[in-house]
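Below, each chain spelled out in residue letters.
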Amino acid sequence: MELRLSTSSAYPAVLRRQASPLLLHKQQTFASALKPGGALRFRPRRRLLHLPITCSVSPSTAEPSSEVKKKTLVRRNDVRNIAIVAHVDHGKTTLVDSMLRQAKVFRDNQVMQERIMDSNDLERERGITILSKNTSITYKNTKVNIIDTPGHSDFGGEVERVLNMVDGVLLVVDSVEGPMPQTRFVLKKALEFGHAVVVVVNKIDRPSARPEFVVNSTFELFIELNATDEQCDFQAIYASGIKGKAGLAPDDLADDLGPLFEAIIRCVPGPNIEKDGALQMLATNIEYDEHKGRIAIGRLHAGALRKGMDVRVCTSEDSCRFARVSELFVYEKFYRVPADTVEAGDICAVCGIDDIQIGETIADKVHGKPLPTIKVEEPTVKMSFSVNTSPFSGREGKYVTSRNLRDRLNRELERNLAMKVEDGETADTFIISGRGTLHITILIENMRREGYEFMVGPPKVINKRVNDKLLEPYEVATVEVPENHMGPVVELLGKRRGQMFDMQGVGSEGTVFLRYKIPTRGLLGLRNAILTASRGTAILNTVFESYGPWAGDISTRDLGSLVAFEDGTSTSYALASSQERGQMFVGAGVDVYKGQIVGIHQRPGDLGLNICKKKAATNIRSNKDVTVVLDTPLTYSLDDCIEYIEEDELVEVTPLSIRMCKNPKMAKKGR
């Protein structure tokens, strides 16, 4: 079935059918707001219906500049390179599942797990995408390279990196929530690169779906981000990723994803390449294979790459070295397939260059020149990693020395561009900087599973000083909370110096969207507090906004800790009296050491406890032993522990245990 797609020059697809006067008014208002003096940047069009137009990057807008024309660039029409970007939980990976299934990547009788692109154990456990991954499908003799990207703002570096490899993006937006903080971040980056955008309104089968509002909001977001007229002229597709259906109108879905595939072929241009030019390929991603060694993944910008070819590897004009390509792979369906030659415009994997780094250029041996390196935004949060100095050190871990720790952190830097590692105050301490606590927590969890044992300090924000003024990072926090729990959540965010700038009610689900600008310091430890305040019903999303003036002191934790004051094994007898002082982290029969945090005190300030005390044995026989009823101890995950600890506390991370303790190097706090 041949599908013919068209959009309106001024509006996305749904608005062609019913050109709303409200939208016209909004369009004019936004335009005049963007240009002082009323000079409209985005002109309202006179034609509203029925006129055929082109997609967001039409042949006229995609023409190379006169300077580039000298290099005789040509456009490949048999390849499309796209990235799927969205906010977390808006259904990117599920949509890719359906695309792979309908492109007959798998046999009809082949049993496939859900979210097949989330191949990492940690990704499957948490239900999130952490690393960007490549795959490809073939639709009507056109190869479509697809890159699935993470949705969390903490992994924004992955998104920034892969946008170098593509010519267009599928912007997936939830049909109820609409554009969220991370939607704004990834769209801003895609527009900066000048990529074509196809908007996919996903989860259209949700009962409270509001597609017209979502497309309007996305349109306004394009204008806010200073998109060009051509970029604002996006194609909107309505889809249900889990059912594998898509259509040009919310109430008229096809039985498959045909309309989505057609929109990709029509609206995303093929790569602009210098076919006969000198070889140029930017290494955008690095993988490691036990047999093949380091594998560089990237898009070929010019020339052709052949197996066994001698190449030059460049970081800058002056810094180059020579290497040979031992093996070459392209992405076919869900697998890497060996290839003898790869032409410009395609995405490939290169083996044989053992010391290749992300951002380096594989170029022609004689005439090769480096491409611009990849730039990602600066980290905003830092944490200290140090050697485990607790009495239990070395019991469970395989790698426990500072040399092991240093080697592992340096290996992480090779792949994780948004992370930085610096030496700490002592030889066995390292300062790790990242995009957020989740970004660093994923590294800690991976290291723990690999057999490393170490201690982690509390997260701290990275401040800047400009013109003798102290600036700190601010983030936009979006909270979705039921209306009856809104009061405690607003109070909590107010205490943490948050400023509300938007509030919206959402349909029949009875939830309210709150948008705040809040210092990153105020977000540390907020997730658990907000869940407690809303009885576990609130959803919190954040994305970095900018640096702003210091907001003043923020109190993140009101209660102190219960601390064990001797080594030993906890007993039921001691815990029965200790649990009256607060909530315990440990049960009976657990080994503890002096300085270990064993619970949350019910008052401010720390309290030392003896939870190893045994009942005195006497020669007077009692008629009956007293039955001790213990409360169930709190079970804290790694994320919870890192949120909980204060300035003078540490998290001890081992392959089998996660404990918290007071930092022995800091002065004792409390009573």
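Residues numbered from 1 in each chain as written. Predicted model: local features only at pLDDT ≥ 70, side-chain atom pairs only at ≥ 80, totals over all residues. Heavy atoms only, no water.

**Student:** How would you sum up the overall build of the chain? Please name residues and give values.
**Tutor:** A tally of regular secondary structure across the chain gives 17 helices and 38 strands. By residue count, 54% of the 671 residues in the chain fall in the buried class. Counting contacts in the chain only where the partners sit at least 6 residues apart, residues at least 24 apart contribute 72% of the total. Entry remark: accessible area of the chain is about 31100 Å², with carbon and sulfur atoms responsible for 49%. (Helix = DSSP H or I, 4+ residues; strand = E, 2+ residues; numbered from the N terminus. Buried < 20%, exposed > 50% of the residue type's maximum accessible area, 1.4 Å probe, protein only. Contact = heavy atoms within 4.5 Å. Areas by Shrake-Rupley, 256 points an atom, 1.4 Å probe, with all protein chains shown as cover.)

**Student:** Tell me about the packing of aromatic side chains, residues and numbers included.
**Tutor:** The final tally for this structure, using the stated rule, is 9 aromatic pairs. For the pair Phe385 and Phe454, a centre-to-centre distance of 5.3 Å together with 15 degrees between the ring planes defines the contact as stacked. One end of the pair, Phe385, is in strand β21 (residues 381-387); the other, Phe454, is in strand β24 (residues 454-456), and 69 residues separate them in sequence. Accessibility classification places Phe385 together with Phe454 in one group, the buried group. By the ring-pair criterion, three or more aromatic residues cluster together here, those being Phe585, Tyr636 and Tyr644. (Phe/Tyr/Trp six-rings, centres within 6.5 Å; stacked < 30°, edge-to-face > 60°.)

**Student:** Can you lay out the pattern of salt bridges for me, pointing to particular residues and giving the numbers?
**Tutor:** Tallied over the entire structure, the rule returns 31 salt bridges. Arg395 serves as the salt-bridge partner of Asp591, at 3.8 Å between the closest nitrogen and oxygen. Taken together, the positions of Asp591 in strand β34 (residues 591-592) and Arg395 in the loop between β21 and α11 (402-415) put the pair 196 residues apart, joining distant regions of the chain. Using a relative accessible area of 39% as the deciding quantity, one classes Asp591 as partly exposed. Taking the relative accessible area as the measure of exposure, Arg395 reaches 55% and is therefore exposed. Of the charged contacts in the structure, one is a salt bridge between Asp648 and Lys662, with a shortest N-O distance of 3.2 Å. One end of the pair, Asp648, is in the loop between α17 (638-644) and β37 (649-653); the other, Lys662, is in strand β38 (residues 658-662), with 14 residues separating them in the sequence. Here the two residues Asp648 and Lys662 agree in accessibility, since each one is buried. Among the charged side chains, a salt-bridge network with shared partners connects Glu160, Lys189, Glu192 and Arg435. (Salt bridge = Lys/Arg side-chain N within 4 Å of Asp/Glu carboxyl O.)

**Student:** Tell me about unusual backbone geometry, and name the residues and values.
**Tutor:** Backbone geometry at Lys140 places phi at a positive 50 degrees, although glycine is not the residue there. With respect to the secondary-structure elements, Lys140 resides in the loop between β3 (133-139) and β4 (142-148). The backbone phi angle of Asn226 is positive, close to 60 degrees, even though this residue is not glycine. Mapped onto the elements of the fold, Asn226 is located in the loop between α8 (211-224) and α9 (229-232).

**Student:** Go over the nonpolar core with me, naming the residues and quoting the values.
**Tutor:** Formed by 41 residues in total, the largest nonpolar core has its most connected members in Leu171, Leu187, Val197, Val199 and Phe222. Here the element with the most residues in this core is α8; it accounts for 6 residues. Setting aside residues up to four positions removed in sequence, Leu171 forms contacts with Val85, Thr183, Val186, Leu187, Val197, Val198, Val199, Val200 and Thr218. (Core = buried A, V, L, I, M, F, W, Y, C linked by side-chain atoms within 4.5 Å.)

**Student:** How would you summarise the packing of helix α13 (residues 486-495) against helix α15 (residues 526-533) if you had to cite specific residues and measurements?
**Tutor:** Helix packing for two helices is described by the angle between their axes and how far apart those axes are. Contact geometry for α13 and α15: axes closest at 9 Å, N-to-C directions at 155 degrees. As the angle between them shows, α13 and α15 are arranged roughly antiparallel. Judged by the sense of rotation from one axis to the other, the crossing of α13 with α15 is right-handed. Counting all contacts with α13, which are made through Pro488, Val489, Leu492 and Leu493, the residues of α15 involved are Leu526, Ala529, Ile530 and Ala533. In terms of residue class, the contact of α13 with α15 is built from 8 nonpolar, no polar and no charged. (Axes fitted to C-alpha atoms, helices over the stretch in contact; angles between N-to-C directions. Parallel < 35°, antiparallel > 145°, perpendicular 65-115°, else oblique. Left-handed = near helix turned anticlockwise from the far one by under 90°. Nonpolar A, V, L, I, M, F, W, Y, C, P; charged D, E, K, R; others polar.)

**Student:** Quick rundown of helix α12 (residues 437-449)? Include the residues and the values.
**Tutor:** In a regular helix each residue adds 1.5 Å, so 13 residues correspond to 18 Å; α12 covers 18 Å between its end C-alpha atoms and thus fits that length. Across the 13 residues of α12, 10 count as buried, placing the element largely inside the fold. Buried within α12 are the following residues: Leu438, His439, Ile440, Thr441, Ile442, Leu443, Ile444, Glu445, Met447 and Arg448. Once α12 ends, the next one or two residues include Gly451, with phi positive near 105 degrees. (Expected span 1.5 Å × (residues − 1).)

**Student:** Before we move on, can you summarise the sheet that holds strand β2 (residues 79-86) with the specific residues and values?
**Tutor:** The strand order across the open sheet built from 8 strands is β3-β4-β2-β5-β6-β7-β8-β9, with neighbouring strands paired in mixed fashion. Two strands bound the open sheet, and with one partner strand each, they are β3 and β9 (252-253). In terms of strand pairing, strand β7 (residues 235-240) meets strand β8 (residues 245-249) through 3 bridges, oriented antiparallel. Residue Ala239 lies in a different strand from β8, and its bridge partner there is Ala246. Of the strands in this sheet, β5 (168-174), β6 (196-202) and β7 touch α8, which is tilted by about 155 degrees from β6. (Pairing = 2+ DSSP bridges.)

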